[in-house]
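Listed below are the residues making up each chain.
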Amino acid sequence: IQDFKGVVPALLTVFDKDENIDEMGMRQLVSFLLDKGVNGLYLTGSTGEGFTMSSIERMRVVEIVMDEVAGRVPVVVHVGAIGTKLSIELAQHAERAGADGISSVPPFYWRFNEDQIVKYYEDIANATSLPMIVYNVPLVGLLGMNAIKRLAQIENVKGIKYTALSLYEITQIKDEIGEDFLVYSGADEMAMAGLLAGADGIVGSFYNVMPELFINIYNAVQNKELDEAKRLQKEAVEIIMYALSYPSFYALMKVMLKWMGINAGYCRRPFENVTPENEAIYKEGFKVLKEK
Ligand code: HMN
C-alpha cells in the first residue's frame, strides 16, 4: 500500500442506458486512465456510485477492473455498506480478487457514536489481511482527531482519505500519528493545498476526466515548482466549478469522457443524466473556458 501514492481517480462506474454495468466501457475507461499515467484506482466509492449497486454488482466491477489493470497499478476497493456484515463480504471478496487495499466511509444513516464507528472499522479491518484506508467525508459526518487517532491504532488501518476542508488536520495527522500513516486529499479543488499540507496522494472524481492536469500539479508540487502548481490548480478549479454548476456532475463527467472518445455511459437513477440540450450548453461552456 505504500505504493498507493500520487494521482488516483475515484473511478466512475460505466452503466449502459438501462443501468446495467457496461464491461467494455469499464475496461476502456481503465485503460484510458492507465495510459495517461495515473498511479492507482479507487473503486466503487461515491464517484463510482457504489451505494446504487448490489453487492454482486460491486464485486463484478472489482473483478472487471482487476482483470483490466493486471497488476499495473495498485487498486483500493471501497467496501462501505449499510451494515458491517455486508462490508466484510465485500472486503473479503476484494482480497480474493487481488485488490491492494480496502476503504470505507464510516457507518451512516443512523447516527453511530465514536465507539460504534471504531468497532465498525475494527471488524472489517480484522476480516482480511488487506490494509484499510478510513474515510473522512463531510457528507456522512466528520471523524474528529480523537476518533482518527483511535482508528490509527487498529492493526490493518494504514491511512485516511481526507475529504474534509480542514486541510491543516492533514499536517496534524502526519505529525501526531506518523509519517507512514498515509493521507489522501479528497477535494479536487484543493489538490495542491492538500499535497502541500503533507498528503501522499490525491483521490477524487475529476481525475477521471483530467488526469494529465492533476499529474502535472502533483509533479509540480514534488519538484517545488509552486507557481506552476498554482497556475495549473487555478485552471483545474475553473473547470471543476463550472462542472459542479450541473446538479449531477458524475453524469456530466461521463459526457466529458464521451467527448474525448471514451464511452463512459450513464449514471444510475436517482442521478439524472445529461439531456442533449444541456450537453450542447456545457460543450459550448467548456469551449469558452478553454479559450480563455
Ligand atoms: C469517492 O469516494 O468516490 C471520491 O473520492 C470522493 C471525492 O472526494 C469527491 N467527493 C465527492 O464526490 C463528494 C471529490 O473528488 C469531489 O467530487 C470534488 O472535489 C468536487 O467537489
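Residues numbered from 1 in each chain as written. Predicted model: local features only at pLDDT ≥ 70, side-chain atom pairs only at ≥ 80, totals over all residues. Heavy atoms only, no water.

Visitor: Let's hear about the confidence of the model for the protein chain: which residues, and what values?
Guide: In the predicted model, the protein chain carries a mean pLDDT of 96, and 100% of its residues have values of at least 70. For this predicted complex, the interface confidence score (ipTM) comes to 0.96, while the overall pTM stands at 0.97. (pLDDT = per-residue confidence, 0-100.)

Visitor: Any details on the site of the ligand? Residues and values, ideally.
Guide: Neighbouring residues of the ligand: 19 residues in total, closest Tyr135, Gly186, Asp188, Glu189 and Ser205. For the ligand, an oxygen atom lies 2.8 Å from a polar atom in the side chain of Lys161. Backbone polar atom of Gly186 to an oxygen atom of the ligand: 2.7 Å apart, as the coordinates give it. Compared with its free state, where it exposes 490 Å², the ligand has 90% of that area covered by protein. More than half of the atoms belonging to the ligand lie within 2 Å of the grid points that define the second largest pocket. (Near = heavy atom within 4 Å. Polar contact = N/O pair within 3.5 Å; in protein donor to acceptor, adjacent residues only side chain to side chain. Areas by Shrake-Rupley, 256 points an atom, 1.4 Å probe, with all protein chains shown as cover. 1 Å grid on protein atoms, 1.4 Å probe; cavity = no way out; pocket = protein on both sides within 12 Å on 5 of 7 lines; lining within 4 Å. Sits in = over half its atoms within 2 Å of the grid points.)

Visitor: Before we move on, could you go through empty space enclosed by the protein and cite the residues and values that matter?
Guide: On inspection of all chains with the given rule, the structure shows one cavity of 30 Å³ or more. Here the largest cavity is characterised by a volume of approximately 30 Å³. The wall of the largest cavity is formed by Thr44, Arg58, Met59, Val62, Val77, His78, Leu90 and His93. Of all the secondary-structure elements, those providing two or more residues to the lining of the largest cavity are α2 (55-69), β3 (75-78) and α3 (84-97). (Points joined across faces, edges and corners; volume = space filled by probe spheres on them. Helix = DSSP H or I, 4+ residues; strand = E, 2+ residues; numbered from the N terminus.)

Visitor: Mind laying out the layout of surface pockets, listing which residues take part and the relevant values?
Guide: Put simply, the largest pocket is a space of about 740 Å³. Broken down by element, the residue count for the lining of the largest pocket peaks at six residues, all from helix α11 (residues 276-291). Its residues assigned to classes, the lining of the largest pocket comprises 11 nonpolar, no polar and 11 charged. By volume, the second largest pocket is sized at about 420 Å³. Lining the second largest pocket are 24 residues, and of these Thr163, Gly186, Ser205, Phe249 and Tyr250 sit closest to its centre. Those elements giving two or more residues to the lining of the second largest pocket turn out to be β8 (201-204), α9 (226-244) and α10 (249-259). (Nonpolar A, V, L, I, M, F, W, Y, C, P; charged D, E, K, R; others polar.)

Visitor: Kindly report on the nonpolar core, identifying the contributing residues and their values.
Guide: Soluble, globular proteins show a tendency: their nonpolar side chains are buried together. Leu11, Leu29, Leu41, Val65, Tyr121 and Phe214 are the most contacted members of the largest nonpolar core, which has 107 residues in total. Among residues more than four places away in sequence, those in contact with Leu11 are Met26, Leu29, Val30, Leu33, Leu41, Tyr42, Leu43, Thr47, Gly48, Val65 and Asn208. (Core = buried A, V, L, I, M, F, W, Y, C linked by side-chain atoms within 4.5 Å. Buried < 20%, exposed > 50% of the residue type's maximum accessible area, 1.4 Å probe, protein only. Contact = heavy atoms within 4.5 Å.)

Visitor: Which residues make up the packing of aromatic side chains, and what values do they have?
Guide: Evaluated as defined, the whole model comprises 15 aromatic pairs. Between Phe4 and Tyr184, the ring centres sit 5.3 Å apart and the planes meet at 70 degrees, which makes this aromatic pair edge-to-face. Of this pair, Phe4 sits in the segment before β1 (6-9) while Tyr184 is found in strand β7 (residues 182-185), placing the two residues 180 residues apart along the sequence. By relative accessible area, which is 1% here, Phe4 ends up buried. Ring plane angle 70 degrees and centroid distance 5.9 Å describe the contact between Trp259 and Phe286, whose orientation is recorded as edge-to-face. Within this pair, whereas Trp259 is found in helix α10, its partner Phe286 is found in helix α11, the two being separated by 27 residues in sequence. (Phe/Tyr/Trp six-rings, centres within 6.5 Å; stacked < 30°, edge-to-face > 60°.)

Visitor: An account of the pattern of salt bridges is needed here, citing residue identities and associated values.
Guide: In this structure the tally under the stated criterion is 18 salt bridges. Of the charged contacts, one joins Glu23 and Arg60 as a salt bridge, the two residues approaching to 3.3 Å between their closest N and O atoms. Pair noted here: Glu23 is in helix α1 (residues 23-36) and Arg60 is in helix α2, with a separation of 37 residues, a long-range link. In this structure, the salt-bridge partner of Arg27 is Glu68, at a minimum N-O distance of 2.9 Å. Highlighted residues: Arg27 in helix α1 and Glu68 in helix α2, separated in sequence by 41 residues. Per residue, the accessibility class of Arg27 equals that of Glu68, and both read buried. (Salt bridge = Lys/Arg side-chain N within 4 Å of Asp/Glu carboxyl O.)

Visitor: Lay out the pairing of strand β5 (residues 132-136) in plain terms, naming residues and giving numbers.
Guide: A large share of β5 lies buried, amounting to five of its five residues. Residue alternation in β5 divides its side chains into two sets, Met132, Val134 and Asn136 and Ile133 and Tyr135, and both sets are buried. Pairing geometry for strand β4 (residues 101-104) and β5, over three bridges, is parallel. Note on β5: the bridge partner recorded for Ile102 is Met132. One crossover worth recording links β4 to the parallel β5 by way of helix α4 (residues 114-127), and it is right-handed. Looking at chain direction, β5 and strand β6 (residues 157-162) are connected through five bridges and run parallel. Paired with Tyr135 across the bridge in β6 is Lys161. (Pairing = 2+ DSSP bridges. Right-handed = clockwise from strand over helix to strand, strands pointing away.)

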